[in-house]
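So you can see what is in the structure, the chains are spelled out below.
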Amino acid sequence: MMPERANLHIALTFLQFCYAGNHIFLRIALDTGVSKLIFPVYRNITALVLLGPLAYFSEKKDRPSITSYCVIHFFLLGLVGITMKEGFYLLGLENTSPTFAAATQNSVPALTFLMAALLRYESVHFNRIDGQAKVLGVLASVGGASIITLYKGPVIYTPHLALHQEQYLSILGDATGKNWNLGGIYLFGHSLCWSGWIVMQTFVLENYSAPLTVSAFTCFFGVVQFLTIAAFFEKDSKAWQFNSSEEIYSVLFSGLVTSGLASAIQIWTIGKGGPVLASIYLPLQTLLVALMASIVFGEEFFLGGIIGAFLIISGLYLVVWGRSQETKFVKEVIVPIEPKNHWEEKSDGSSLTQPLIPTQSS
């Protein structure tokens, strides 16, 4: 049986595959003309169908009582982590591309690290090697993912597979007629909401130790909020209908995998590893999006991808190593406090028959 730390890192890696696939499916859905207000409603209803029964049966015996204080927290989690985060993302993705959207999410680890440090959820000791490793790791991961996006360099790999078609390449490409500046602002708002959502989940889990229930209620309030917004602002009744199989597949993937399964895994990793560790793996999705575009859609892979991948992996290792060193340091510092009369009791039962300093005869 694998140790819990290994399961934690495997889960965080799996999350990035889910998020990378989500970029592709959502871009396809937006290009089919899906409503940006209706799509999140169907997506989160699908997730709620998965999370609701799972939370009810798995945490039935251990679930704490739900107070009005908890409901307010669940509502705010839904507002920040679903309504605002997903809304900003859809608006940003519509005006940019999947690769650009994945790249902007690389600010999430740095923002989360800053928020967690300010709120004292993450300790940072700049005068110790573990603190310096964590800071360098965050910077390396963010920098590596940025290099993948901003620097290409010479071609390293050119696929020869006939698996791609022009229609999919146009989906991933930088289409004209988009407001990239506005899209970048929306995506930064999305990253800011994601960082705040991770830190908020850390706080909520300290007071309500049922992560699946927290995820289910977050999803429920996200559905209520998006449904209210769509009812007021979506005037076209035909927008509620599915017009293609691509829309159905996108809703199912985004709902079941990203909003359902991935959200449950994310809150579990936050509870086990803290907000910074849960976010430091996000730059990995930029590498995965680049690889998926290269293998599946026939895009060339450049030297910048190799350099960026090295920095991302190095950054992940530095953060994980820094946290392990911090744990060792804490264990070494915490020494059991001896009772006040410890030495007196020990001296009474001493087996020494000679004094430590022999008396000299005059």
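Residues numbered from 1 in each chain as written. Predicted model: local features only at pLDDT ≥ 70, side-chain atom pairs only at ≥ 80, totals over all residues. Heavy atoms only, no water.

**Q** I would appreciate a short explanation of unusual backbone geometry in the present structure.
**A** With a phi angle near 65°, Arg120 is a residue other than glycine that sits in the positive phi range. By the secondary structure assignment, Arg120 is in the loop between helix H5 (107-118) and helix H6 (129-150). (Helix = DSSP H or I, 4+ residues; strand = E, 2+ residues; numbered from the N terminus.)

**Q** Got a minute to help me understand the pattern of salt bridges in this structure?
**A** Where charged atoms from two side chains of opposite charge approach closely, those side chains can pair. Enumeration over the complete set of coordinates arrives at three salt bridges. In this structure, Lys36 and Glu94 form a salt bridge, with 3.2 Å as the shortest nitrogen-oxygen distance. In this pair, Lys36 sits in the loop between helix H1 (4-31) and helix H2 (38-58) while Glu94 sits in helix H3 (residues 68-94), placing the two residues 58 residues apart along the sequence. Under the relative-accessibility criterion, Glu94 is labelled partly exposed at 32%. (Salt bridge = Lys/Arg side-chain N within 4 Å of Asp/Glu carboxyl O. Buried < 20%, exposed > 50% of the residue type's maximum accessible area, 1.4 Å probe, protein only.)

**Q** What is the right way to look at the packing of aromatic side chains in this model?
**A** Two measures describe an aromatic ring pair: the distance that separates the ring centres and the angle between the ring planes. In this structure the tally under the stated criterion is ten aromatic pairs. When the ring of Tyr19 is compared with that of Trp194, the centres are 5.1 Å apart and the planes differ by 85°; the resulting orientation is edge-to-face. Taken as a pair, Tyr19 in helix H1 and Trp194 in helix H8 (residues 180-207) lie far apart in primary sequence, 175 residues in all. Take Trp194: its relative accessible area is 3%, and that puts it in the buried class. Among the aromatic residues, ring-to-ring pairing joins Tyr42, Trp240 and Phe242 into one connected group. (Phe/Tyr/Trp six-rings, centres within 6.5 Å; stacked < 30°, edge-to-face > 60°.)

**Q** Whenever I open this one, the nonpolar core confuses me. Can you help?
**A** The nonpolar side chains of a soluble globular protein tend to be buried, and buried together. Membership of the largest hydrophobic core comes to 47 residues, with the highest contact counts inside it found for Leu12, Phe74, Trp194, Tyr208, Val214, Ile280 and Tyr281. The element contributing the most residues to this core is H1, with seven residues. Look past the residues within four positions of Phe74 in its chain and what remains in contact with it is Ile66, Val204, Tyr208, Val214, Phe217, Thr218 and Phe221. By size, the runner-up hydrophobic cluster in this structure holds 13 residues, among which are Ile82, Leu212, Cys219 and Phe226. (Core = buried A, V, L, I, M, F, W, Y, C linked by side-chain atoms within 4.5 Å. Contact = heavy atoms within 4.5 Å.)

**Q** Is there a simple way to think about the packing of H3 against H8 in this case?
**A** Any two packed helices are characterised by the angle at which their axes cross and by the distance between the axes. Axis separation between H3 and H8 bottoms out at 8 Å; the angle between their running directions is 155°. Comparing the axis directions of H3 and H8 gives the class roughly antiparallel. Relative to H8, the crossing made by H3 is left-handed. Taken together, the residues that form the contact of H3 with H8 break down as 18 nonpolar, seven polar and one charged. (Axes fitted to C-alpha atoms, helices over the stretch in contact; angles between N-to-C directions. Parallel < 35°, antiparallel > 145°, perpendicular 65-115°, else oblique. Left-handed = near helix turned anticlockwise from the far one by under 90°. Nonpolar A, V, L, I, M, F, W, Y, C, P; charged D, E, K, R; others polar.)

**Q** Mind showing me how you'd approach the side chain of Asn95 here?
**A** With respect to the element layout, Asn95 can be found in the loop between H3 and helix H4 (98-104). Of the polar contacts made by the side chain of Asn95, one reaches the backbone oxygen of Leu91; its length is 2.9 Å. (Polar contact = N/O pair within 3.5 Å; in protein donor to acceptor, adjacent residues only side chain to side chain.)

**Q** I tried to follow the packing of H5 against H8 on my own but got confused; where do I start?
**A** Here H5 crosses H8 at 45°, and the two axes come no closer than 9 Å. Judged by the inter-axis angle, H5 sits oblique to H8. As for how H5 packs across H8, the hand of that crossing is right-handed. Together, Ser107, Val108, Leu111, Thr112, Met115 and Ala116 of H5 and Phe188, Ser191, Leu192, Trp194, Ser195, Gly196, Ile198 and Val199 of H8 make up the contact between the two elements. A class-by-class count of the residues in the contact of H5 with H8 yields nine nonpolar, five polar and no charged.

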